[in-house]
Amino acid sequence: MKTVFLARNAMATRFEMVLHGEDELSLRAAGEEALDEISALASQLNFYGADSEISRINTEAALGPVPVEPGLFRLLQEAKRVHGLSGGAFDITVAPLMRCWGFVDGKHRVPSPGELAEARECVGMDLVHLDAENFTVQFERPGVWVDLGAIGKGFALEIAGEILRETGVTSALIHGGTSTVCAIGSPPDEAFWKTAIEHPGWGQPGAVILEHERLVAVAKLRDESFSVSAVWGKTFEEGGVSYGHVMDPRCGQPTQNALLAAVSLPSGTAADAWSTALLVSGEAGVAALGRVGESARSLLLLPDNASGFRTINNGFDLLKR
């Protein structure tokens, strides 16, 4: 049994994969092909890239229908589907809110009620019209943008996983920045791939997390995808209140409902989107995810003044604290 490790930087993170099989050259060729596709998707979905297809959509879709590559069109359809199922908690049109709160230019600020109201006028998937017959997208008004940052890594891993399977790979693990994972089969002589879920404050400035509190749970994966989202990372404080970079598009405010959300589903695209949706909606999102299918598993870490956090777990292995 041969083992091949490959890696590449894309989508502002590092994608890594490990592949097991009998033919090292075939494994390496399949892995490189999958990474090439991830790089191509990174260029296509780049919100900040002037020549990306997403930038073209954001520039032209308020003027009329814009033709979209079929794979990207299906991704937009999935984003709209999760938006509906999650009650609007997942929304790829949050870019105006991110800009309003200063998470785009790094000049963090609490916006005025007027600024917030203006930004919210351009947020909502009801403002994005998808024509499935002609593969076109059109925006209801100027100022609407789509940003696929909360679903793009999962989509890229899903496509990469399809490439590996088509080339005959039966045992592989791919991750994007460790927060999004695609598992194919299982490792040699093991029943599952195992991915640790860390406390969201681990390694963050100002957080006091003891070593024995670092790991919260373990996700056992086989032929499925996994994604975790957390509020730590890009944050700022004003008036004694801490504001994170994950927006609740329903109210225009940074979400305060959960500290961390982890989701496992067959689809990498769906897992990536739903981890954000659960982080935004908190406990109320668990029932919505349950309607997706019996294969869905989830973990929520919710704020708790007494113990730091409490958990709502559906299918992962919690570790003793």
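Residues numbered from 1 in each chain as written. Predicted model: local features only at pLDDT ≥ 70, side-chain atom pairs only at ≥ 80, totals over all residues. Heavy atoms only, no water.

### Some points on the overall build of the protein chain
Each helix and strand in the protein chain was counted, giving eight helices and 18 strands. Each of the three principal axes of the protein chain carries a C-alpha extent, and together these read 60 × 55 × 35 Å. By residue count, 50% of the 321 residues in the protein chain fall in the buried class. When contacts within the protein chain are restricted to residue pairs at least 6 apart in sequence, long-range pairs at least 24 apart make up 60% of them. For the protein chain, the exposed area adds up to about 14800 Å²; of that, 51% sits on carbon and sulfur atoms. The averaged location of the 41 negative side-chain charges in the protein chain is 4 Å from the averaged location of its 26 positive side-chain charges. (Helix = DSSP H or I, 4+ residues; strand = E, 2+ residues; numbered from the N terminus. Buried < 20%, exposed > 50% of the residue type's maximum accessible area, 1.4 Å probe, protein only. Contact = heavy atoms within 4.5 Å. Areas by Shrake-Rupley, 256 points an atom, 1.4 Å probe, with all protein chains shown as cover. Lys, Arg positive; Asp, Glu negative; His and termini not counted. Charge placed at Lys NZ, Arg CZ, Asp CG, Glu CD.)

### Observations concerning the nonpolar core
By size, the foremost hydrophobic cluster in this structure holds 88 residues, and its most contacted members are Leu 19, Ile 57, Leu 72, Leu 148, Leu 164 and Trp 274. With residues near it in sequence (within four places) discarded, Leu 148 still touches Leu 45, Ile 54, Leu 72, Leu 75, Leu 76 and Ile 92. In terms of nonpolar packing, the next biggest core, distinct from the first, is built from twelve residues, Val 94, Cys 100, Val 123 and Phe 236 among them. (Core = buried A, V, L, I, M, F, W, Y, C linked by side-chain atoms within 4.5 Å.)

### Considering the confidence of the model for the protein chain
The pLDDT averaged across the protein chain works out to 92; a share of 94% of its residues lies at or above 70. In this model residues 202–206 is a low-confidence stretch, pLDDT under 50, and it forms seven contacts with partners more than four residues away in sequence or in other chains. (pLDDT = per-residue confidence, 0-100.)

### Structural notes on helix α3 (residues 70–85)
The periodicity of an α-helix, 3.6 residues per turn, causes residues three or four positions apart to be oriented the same way. Here α3 contains 16 residues, and its C-alpha end-to-end distance of 23 Å stays within 8% of the 22 Å for a straight helix at 1.5 Å per residue. Those residues of α3 that sit buried are Gly 71, Leu 72, Phe 73, Leu 75, Leu 76, Glu 78, Ala 79, Val 82 and His 83. The elements touched by buried residues of α3 are α1 (24–45), α2 (53–60), β4 (128–131), β5 (136–139), α6 (152–166) and α7 (268–281). Between the side-chain oxygen of the N-cap and the backbone nitrogen of Gly 71 there are 2.9 Å, and the N-cap of α3 in question is Glu 69. (Expected span 1.5 Å × (residues − 1). Polar contact = N/O pair within 3.5 Å; in protein donor to acceptor, adjacent residues only side chain to side chain.)

### With respect to the packing of aromatic side chains
For any two aromatic rings, the description comes down to two numbers: the centre-to-centre distance and the angle of the planes. Within this structure, the stated rule accounts for three aromatic pairs. Measuring from ring centre to ring centre gives 5.2 Å for Phe 73 and Phe 135, while their planes differ by 70 degrees; the resulting arrangement is edge-to-face. Taken together, the residues Phe 73 in helix α3 and Phe 135 in the loop between β4 and β5 connect sequence positions 62 residues apart. With relative accessibility at 1%, the residue Phe 73 sits in the buried group. Judged by its relative accessible area of 31%, Phe 135 is partly exposed. (Phe/Tyr/Trp six-rings, centres within 6.5 Å; stacked < 30°, edge-to-face > 60°.)

### Brief notes about the environment of Gly 282
The residue Gly 282 is located in the loop between α7 and α8 (284–290) in this model. Spatially, the C-alpha atoms of Gly 282 and Val 123 are 21 Å apart, while their sequence positions differ by 159 residues. Among residues more than four places away in sequence, those in contact with Gly 282 are Asn 257, Ala 258, Leu 300 and Leu 302.

### Some points on the pairing of strand β7 (residues 180–184)
Of all five residues in β7, five are buried, a share of seventy percent or more. Here β7 shows a buried face lined by Thr 180, Cys 182 and Ile 184 and a second buried face lined by Val 181 and Ala 183. Two strands pair when backbone bridges link them, and strand β6 (residues 171–176) and β7 are joined in this way by five bridges, in the antiparallel orientation. Note on β7: the bridge partner recorded for Leu 173 is Ala 183. Counted along the chain from β6 to the antiparallel partner β7, the turn is three residues long, and its residue Gly 177 has a positive phi close to 65 degrees. Where β7 and strand β10 (residues 224–230) come together, four bridges link them in antiparallel fashion. Bridging from a neighbouring strand, Ala 183 pairs with Glu 224 of β10. (Pairing = 2+ DSSP bridges.)

### Side note on α7
If you check α7, its first and last C-alpha atoms are 20 Å apart, about what 14 residues at 1.5 Å a residue would give, namely 20 Å. One side-chain oxygen of the residue at the start of α7 lies 3.3 Å from the amide nitrogen of Thr 269, identifying that residue as Ser 267. Gly 282 occupies a position one or two residues after α7 and carries a positive phi of about 65 degrees.

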